[in-house]
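# Tertiary structure, described
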Amino acid sequence: MSDQAGGRRRDDKGAGALIEICSVRLGQALYGVPIRYILEIVGHAHPQPVPLAPGFVGGLVHYRGDVLTVVSLRHLLRLAPRDGAQDILVLEGPGGCFGLLVDAVGEVLTVSAADFEANPSTLDEARRDLIAGAYKLDSALMIMLDPERLDPVRLGSAEAA
């Protein structure tokens, strides 16, 4: 058995299992997050910068009476920063809730586990640590993100090591 995005396992019986994924965009690239991790989508957000914070921290936002740390997916993937409002996926991870800053949230797609492909061996280590694999869609490739790998507590620990 091979491990798949979101901790799901693929075997002969589960090869046709359907999984719901929220699509997001960074530039022209399409990424996906399993909807079971998503609590809410905050559109057109402007996170407040945090001086001296690690580079992956995209800022802080006020969220339902709490302060939510926002992770910049652009920074993690070594893409140029983007000016203006972006969307935030509010995710629940092992370290608690956090936000994932993306250019735009797309639609919820239902994909088949049979269309999942593991990361290629040529993928650089930094991206391999963030990306769970990809789904082959009719017109594109959707790169799967594993929210547990994007948790700011985990990222902070990895950066300190």
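Predicted, not measured: the structure shown is a model, and the values here were computed from it.

### Looking at the overall build of the chain
Within the chain, the regular secondary structure consists of 4 helices and 13 strands. With 161 residues in all, the chain has 41% of them scored as buried.

### Here we look at unusual backbone geometry
In this structure, Leu52 is a non-glycine residue whose phi angle is positive, near 65 degrees. Along the chain, Leu52 falls in the loop between β5 (38-45) and β6 (57-63). With phi around 60 degrees, Arg78 is a residue other than glycine that occupies positive phi space. Tracing the sequence through the fold places Arg78 in the loop between α1 (73-76) and β8 (86-93). We classify Arg78 as exposed; its relative accessible area is 59%.

### Notes on the sheet that holds β8
What the 5 strands build is an open sheet, ordered β5-β8-β9-β7-β6; its pairing is mixed. Among the strands making up the open sheet, the edge pair consists of β5 and β6. The average angle at which neighbouring strand axes cross in this sheet is 30 degrees, direction not considered. For β6 and strand β7 (residues 66-72), the ladder comprises 6 bridges, and the chain directions are antiparallel.

### Side note on the sheet that holds strand β12 (residues 131-136)
Ordered in space as β10-β3-β4-β13-β12-β11, the 6 strands form an open sheet in which the pairing is mixed. Both outer strands of the open sheet, β10 (104-112) and β11 (116-117), are each paired with one neighbouring strand and no more. For strand β4 (residues 29-34) and strand β13 (residues 141-145), the ladder comprises 2 bridges, and the chain directions are parallel. Its bridge partner being in β13, Tyr31 is matched across the sheet by Ile143.

### Considerations on the pairing of β8
With 7 of 8 residues buried, β8 is to be regarded as a mostly interior element. In this structure, β5 lies alongside β8, joined through 5 bridges in antiparallel fashion. By the bridge assignment for β8, Ile38 is matched with Leu91. In terms of strand pairing, β8 meets strand β9 (residues 96-102) through 7 bridges, oriented antiparallel. When the sheet's bridge partners are listed, Leu91 is paired in β9 with Phe98.

Basis of the calculations
Residues numbered from 1 in each chain as written. Predicted model: local features only at pLDDT ≥ 70, side-chain atom pairs only at ≥ 80, totals over all residues. Heavy atoms only, no water. Helix = DSSP H or I, 4+ residues; strand = E, 2+ residues; numbered from the N terminus. Buried < 20%, exposed > 50% of the residue type's maximum accessible area, 1.4 Å probe, protein only. Pairing = 2+ DSSP bridges. Axes fitted to C-alpha atoms, helices over the stretch in contact; angles between N-to-C directions.

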